[in-house]
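Architecture and fold: a report
Okay, here's what each chain looks like letter by letter:
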Amino acid sequence: MSVRILYFASLRERLGKREEILDLPEGLGTVEELIAWLASEGREALREVPSLRFAVNQEMARASDPVLDGDEVAFFPPVTGG
């Protein structure tokens, strides 16, 4: 299964990349499992961001939402304004 991963704001700075296309291991099926796998592969910053937000195919997602072949998954920290 191949997915496109996008990183925004401070995550992009911490990881040193804006996007990547990855082949995911067999059995990985949810956003939560994707985060755990990415963290184990050297992207620990995903675990360190409080209130991490994510979207699948440009729709806000929950940790339990599925990740399917060809999906685009975006990760970003919460944004404040004012």
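Just so we're clear, the structure is a prediction, and the values are computed from it rather than from any experiment. Residue positions are given per chain, counted from 1 along the sequence in the order it is written. Given that the model is predicted, a residue must reach a pLDDT of at least 70 before its local features are reported, and side-chain atom pairs must reach 80 or more before they are shown or counted; all residues, however, enter totals for whole chains, interfaces and linings. Just so you know, side-chain values use all the structure's heavy atoms and leave hydrogens and water out.

Quick word on the side chain of Asp71
We count a stretch as a helix when DSSP gives it H or I for four or more residues in a row; a strand needs E for two or more, and each element gets its number in order from the N terminus. Relative to the helices and strands, Asp71 resides in the loop between strand E4 (59-60) and strand E5 (72-76). A simple rule labels every residue: compare its accessible area, found with a 1.4 Å probe on the protein chains alone, to the largest value its type can have, and call it buried under 20%, exposed over 50%, or partly exposed in between. We treat Lys and Arg as the positive residues and Asp and Glu as the negative residues; His and chain ends play no part in the count. Whenever Lys or Arg places a side-chain nitrogen within 4 Å of a carboxyl oxygen from Asp or Glu, that contact is recorded as a salt bridge. No salt bridge is formed by the buried Asp71, whose closest oppositely charged neighbour, Arg4, lies at an N-O distance of 12 Å. When neighbours within four sequence positions are excluded, Asp71 is seen to be in contact with Ser2, Val3, Arg4, Val56, Asn57 and Pro66. Residue contacts follow a heavy-atom distance rule, with two residues in contact if any of their heavy atoms lie within 4.5 Å.

Here's the deal with the pairing of E5
Across the 5 residues of E5, 4 count as buried, placing the element largely inside the fold. Strand pairing requires that DSSP identify at least two bridges connecting the strands. Relative to E5, strand E1 (residues 2-7) is paired through 4 bridges, and the arrangement is parallel. For Leu6, the partnering residue across the bridge sits in E5 and is Ala74. As paired elements, strand E3 (residues 53-56) and E5 share 4 bridges and run antiparallel to each other. Across the sheet, the residue bridging to Ala55 is Ala74, located in E5.

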